[in-house]
Structures are given as structure tokens and as C-alpha cells.
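Listed below are the residues making up each chain.
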Amino acid sequence: MDKKVRFGVIGSAGLIGNYHANLLREGGGPYQLTALCDLDEARLHQQCQRLGLPGTTSAAELVARDDVDAVIVGTPHPLHAQHVGLAVEAGRDVIVEKPLAATPGDALKLLKAVNRRRRIAGIHYQQRANPTVIKLKEMIRAGELGKLLSIRVSGSYFKSDFYYTLGGWRGTWRDEGGGVLINQAPHGIDLMCFLAAEDMPAELSGHCANLYHTNSQVEDHASATGLFPNGVHFTMNFSVATHGDSSRVDLFGSAGAVMLQDGKFARYIRYEQDLVDFARSYGGPNPYGAGSARGARRAASQPLRRGRPHPQEGQAAGLGGRGNVVAADHQRHHPVELPGQEGEAAGQPRPVREDAGGPDRQRAPGPAPAAAERRGHGGVLTTSDLRASGLDGRSNNLKSQHAGAPAAGGSRFWAIRTAVCTGRFGSGSAACRRRSC
Ligand SMILES: NC(=O)c1ccc[n+]([C@@H]2O[C@H](COP(=O)([O-])OP(=O)(O)OC[C@H]3O[C@@H](n4cnc5c(N)ncnc54)[C@H](O)[C@@H]3O)[C@@H](O)[C@H]2O)c1
């Protein structure tokens, strides 16, 4: 029989560390738990007694043990780089909890150490091992959804102020390194990238804010929209300020659509005819006829394809009209003033895109900036920006031993987080420039 992999856990007495320790202790797989490590002496002692295992408060001591082949790092995010570094320098393989690290600099340092020491390392994105996700990926690869068109991911993981008192490290830039984007959203962001494109977004713009947590400095709400290099559109919305819709992934293809709710199939729709063929071939007589979904789709898509606004724009009333103006304008690549916006009545047009600085609620309507200035605050993340900054995930060989995650998971997360936090992404700099976003 093959030798079992002997695991040690750093941060073993914490929430997720204890979970890993219990699972490993149950055994049954090609692994065994041999040693524990936590800084909290009292909880470590209790855990060692309960599991009948040796323990230490020193991570350096744990990784040096002869009976440890691999290490699970379950400490707070800002310690991930340090603890992964210790483990790989001692020649151990590693599974690190998400997120990869608390700053892009630490993430890159960590990847370099893993590569230099040629260790196997993976990020614990357990959703990748979820049978529903595996099945969905098979369906995508088999073409059952047709051409992928768009993906929508969201999570509402409400937390009270009490949550930020736990562990002594949450809710601060220094000790947590961010909020919902770094703590709760990584699973959803990872799934989005994995399912839609197995790649990072090519373009992204987004907003984030602390909507109401008084004892937290970091963002509790974030949303973004963008495009993957393969043309798949995405929207994402993650919050610990909202409640009720825990976690969703909605994936739309030309031949079908799949909705996941809390990691389970909630709905699968298969179209009778591929939408792309249908849109090209249909020539119905009355595009505005009541209930004529075919006609409406045709009417909406044709002017946009020609780069012209939808007829509804003329009405300049509802959101639909504005959306079409924006969509049509995007095709022409120059800015547009939206009709009927706040401030317009007083003769003071509002900027189409606001400056990246400060939370939304603090912004006052102001005069429209010059077009070039607006473009400068575009919040657009290009693939070449990412490559230039080394954050495109192609330069590392980090492999997930645990859940089959490809190399770029952590880097992807960082790139997205940085772009969302700053509202823009400058090549050559991997740092989140705004700490108060
Ligand atoms: N994959 C998931 O679904 C999931 C779920 C929860 C948490 N996490 C991740 O796990 C990490 C820990 O989160 P948590 O909620 O378990 O936090 P926690 O505060 O409950 O646990 C962290 C543990 O690390 C210990 N620790 C701190 N500094 C240490 C050091 N220098 N050496 C050894 N031990 C040290 C603490 O004493 C504590 O027991 C975070 O990065 C979080 O994002 C992942």
C-alpha cells in the first residue's frame, strides 16, 4: 500500500483549522493527521487532548517535524505568505486557505517561494470539488449549453457587527487586508473564472463600499461587471451587508442556461434551438407584437449590431432605454451623456462615470469631466495590464492538489480585487492604491 501523506495543520484550533483537523483525523483516505499548531495555547491544548496528537505554538517547529510531509495553512490571511513560506522552505507541500494572501505583493512572494522550492501547493477552493460544479463543467465542455454568453455570480452573506469582533483580525486593512472581496467572495470569483473562461477577465469595472458596518474599516459590499477574453460577459455582486440570497451562479449559453443556488442545481433550461442560429434566421412580421419574444429579441439586437441605439432610446425614459444608449455607445467607443439623470433638470449634467475616489455615498454630482479624463478613470482591466504586472497567473505553476484548481486561482482573485478596489488598474503596480475604497 502507498505511504499515507502525513499532514500538520497551522492555525489548527481556529474555525477552519479545526474543521480540517477533524476531517483529516476521521481518516479513510491516503492521508493522516500527525501534528497540530496554534498560537492560542489553551485551545491548542484542548485540541491535542481531544485528538490525541502532539502540538506546538511555533509554526517553524511544526514544519520541521519528521512526521510532517504536507501542511494545511488555516491562519488569518496576512499570515498565509509567512506560513506557506516556512512550509515550502522546509520542503513541505502545502494547501493554503483562501485567499492566497492579504496583499498582491505577498501573493507573488508566496508563488515565487513555491516555484523556487518546487513544491506542490494549492488554494482551498472546496467548491471545485463539489459534484454539482464538476458536472456543470462537464456539461460546458461537452457543449450542452452551446456558446457561453454570460455569467452572473452573487452572494449575500450578511454579518452583524459582532462578526468583526471575532478572532481579533477581521475588519481591518492591516490585519485582514480587505473585506467581502477578500474573505467571502473568493469562492464565487474563482467559480466564475473557472466556469466561464478558465481565465482572468480581460476587462472589469466595479465599485465597493462599507455600507454600514461601524466597527469595520473594509468593504462590506462590492459589485463589478466585465468581459472575459473569450467574450463571456459577467456581473458579480457580493455582500455581507445584505441578506437572503446566499450564493448563486447563473450561467447562460446559446443552447441552455443553468442556475446554481448554494452549490446545487436550481434550474436547467435547454432551448429548442440554439439562440445564435435563431437570432440570425428569424424573420417574423411584427417585432413589437404582444408576447413576441422572438420579435423583441430581433428588434433589440439588430440596431445594436449595427452600432446604433435601440429605438427605445428616443423615449429616453426607463432604464431599458438608458441601457441601450450605453450599449450602443460602447460599440462606438466614446462617452455618452445619459438623458434624464439626476442634476440634468438643473442644467448640471452628471458625469457618466464618477471619479474612482471615495465611497459612492460621499460623491456629489459635479460638472462632467472632459472625455479624455473620463476615459482615464475607466476602471478597465486589460489583459496586457495584467501581464505587465505579472498577475495574469500564467507565470506560476501553483497546482491544486486538493481540488484540481488550475494555476491562476489566487492571482485571478487578486487582479479582480485590485481592480474593484481602485476602480482602475495601472500596469506595473499590483498594489491596491485606495485603502479606503
Ligand atoms: N475555505 C473556506 O470556506 C474557509 C472558511 C473559513 C475560513 N477560511 C479561511 O481560513 C483562514 C482562517 O479563518 P478562520 O475563520 O478559521 O479564523 P480563526 O481566527 O477562527 O482561526 C485562525 C487561527 O489561527 C491561529 N493563529 C493566528 N496566528 C497564528 C500563528 N502565528 N501561528 C499559529 N496559529 C496562529 C489563531 O489562534 C486561530 O486559532 C482565513 O484566511 C479564512 O479566509 C476559509
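Predicted, not measured: the structure shown is a model, and the values here were computed from it. Note that residues are indexed from 1 along each chain, following the sequence as it is written. With pLDDT at 70 or above as the cut-off, local features in this predicted model cover only qualifying residues; side-chain atom pairs require 80 or more to be listed or tallied, and sums for whole chains, interfaces and linings still use all residues. Computation of side-chain values: all heavy atoms of the structure, hydrogens and water removed.

1. A closer look at the overall build of the chain
Inference 1: Counting secondary structure elements, the chain contains 14 helices and 13 strands.
Inference 2: The buried share of the chain, taken over its 437 residues, is 46%.
Inference 3: In this description, contact between two residues means that some pair of their heavy atoms is separated by no more than 4.5 Å. Once local pairs closer than 6 in sequence are excluded, the contacts in the chain between residues at least 24 apart make up 63%.
Inference 4: Carbon and sulfur atoms make up 52% of the accessible area of the chain, which totals about 20,800 Å². A helix here means a DSSP run of H or I that spans at least four residues, while a strand means a run of E at least two residues long, and both kinds are numbered starting from the N terminus. In this scheme, a residue with accessible area under 20% of its type's maximum is buried, one over 50% is exposed, and one in between is partly exposed, where area comes from a 1.4 Å probe on protein chains only. Under the convention used here, a 1.4 Å probe and the Shrake-Rupley method define accessible areas, while residue burial counts only the protein chains that appear.

2. Considerations on the site of the ligand
Inference 1: Not every one of the 27 residues close to the ligand is listed here, only the nearest: D38, H77, E97, Q126 and W169.
Inference 2: One nitrogen or oxygen atom from the main chain of T75 is found 3.5 Å from an oxygen atom belonging to the ligand.
Inference 3: Two N or O atoms count as a polar contact when they lie within 3.5 Å, although within protein this holds only if one can serve as hydrogen donor and the other as acceptor, and sequence-adjacent residues are included solely when both atoms are side-chain atoms. At a separation of 2.7 Å, an oxygen atom of the ligand approaches a polar side-chain atom of H77.
Inference 4: Structurally, the ligand is housed in the second largest pocket.
Inference 5: At the level of elements, α1 (15-26) and α4 (80-89) are the ones that each hand at least two residues to the shell around the ligand.
Inference 6: Residue type decides the class: Asp, Glu, Lys and Arg count as charged, Ala, Val, Leu, Ile, Met, Phe, Trp, Tyr, Cys and Pro as nonpolar, and the leftover types, Gly among them, as polar. Classifying every residue of the shell around the ligand gives 10 nonpolar, 11 polar and 6 charged. Neighbouring residues are identified by heavy atoms, a residue being near a molecule or strand if any of them is within 4 Å of it. Residues are called lining when one of their atoms sits within 4 Å of a cavity or pocket point, these points coming from a 1 Å grid over the protein atoms alone, where a cavity is a set in which a 1.4 Å probe fits but cannot get out and a pocket is an open set with protein on both sides within 12 Å along at least five of seven lines. Cavities and pockets are treated as containing a molecule whenever more than half of the molecule's atoms lie within 2 Å of their grid points.

3. Here's the deal with the sheet that holds strand β9 (residues 221-227)
Inference 1: Note: two strands are recorded as paired if DSSP finds a minimum of 2 bridges between them. A sheet is described by the order of its strands in space; here 7 strands give the open sequence β8-β9-β10-β7-β11-β12-β13, paired in mixed fashion. The open sheet has two edge strands, β8 (203-209) and β13 (264-270), and neither has a second partner. Along the sheet, successive strands turn relative to each other by an average axial angle of 5°, direction set aside.
Inference 2: Against the sheet, helix α6 (residues 131-141) engages β7 (148-156), β11 (247-253), β12 (256-261) and β13, with an angle of about 20° to β13. Only the contacting stretch of a helix is used when fitting its axis, a line to C-alpha atoms as for every element, and angles between N-to-C directions run 0 to 180 degrees.

4. Observations concerning the packing of aromatic side chains
Inference 1: Two rings belonging to Phe, Tyr or Trp (six-membered ring only in the last case) form a pair when the distance between their centres is within 6.5 Å. Interplanar angles under 30 degrees mark stacking, angles over 60 mark edge-to-face geometry, and anything in between is tilted. This model, assessed by the stated rule, comprises 3 aromatic pairs.
Inference 2: Measuring from ring centre to ring centre gives 5.1 Å for Y163 and Y164, while their planes differ by 85°; the resulting arrangement is edge-to-face. Neither Y163 nor Y164 differs from the other in exposure class; each is buried.
Inference 3: Look at F228 and F234: their rings are 5.1 Å apart centre to centre, the planes differ by 50°, and that puts the pair in the tilted class. Each member of the pair, F228 together with F234, is buried.
Inference 4: Geometrically, a charge over a ring is one whose NZ (Lys) or CZ (Arg) sits within 6 Å of the ring centre while staying within 35 degrees of the ring normal. Cation over ring: K137 sits above F194, and NZ or CZ is 4.7 Å from the ring centre.
Inference 5: Sitting over the ring of Y163, K159 keeps its end group 5.0 Å from the ring centre.

5. Notes on the pairing of β11
Where a strand is regular, its side chains alternate between the two sheet faces.
Inference 1: Looking at chain direction, β7 and β11 are connected through 7 bridges and run antiparallel. Bridging from a neighbouring strand, L148 pairs with G253 of β11.
Inference 2: In the sheet, β11 pairs with β12 via 5 bridges, with the strands oriented antiparallel. In the strand pairing of β12, L251 is matched with V258.
Inference 3: Taken together, β11 and the strand that follows it, β12, pair antiparallel across an intervening segment of 2 residues.

6. Some remarks on the confidence of the model for the chain
Segments scoring low in pLDDT should not have their predicted coordinates read at a detailed level.
Inference 1: A residue-level look at the chain finds 64% of positions with pLDDT of 70 or above and a mean pLDDT of 73.
Inference 2: Values of pLDDT, ranging from 0 to 100, describe the predictor's confidence in every residue of the model. Segment residues 285-411: pLDDT under 50, and 199 contacts once partners within four positions in sequence are set aside and those in other chains are kept.
Inference 3: This stretch, residues 418-437, has a pLDDT under 50; its non-local contacts, to residues over four places away or in other chains, come to 58 contacts.

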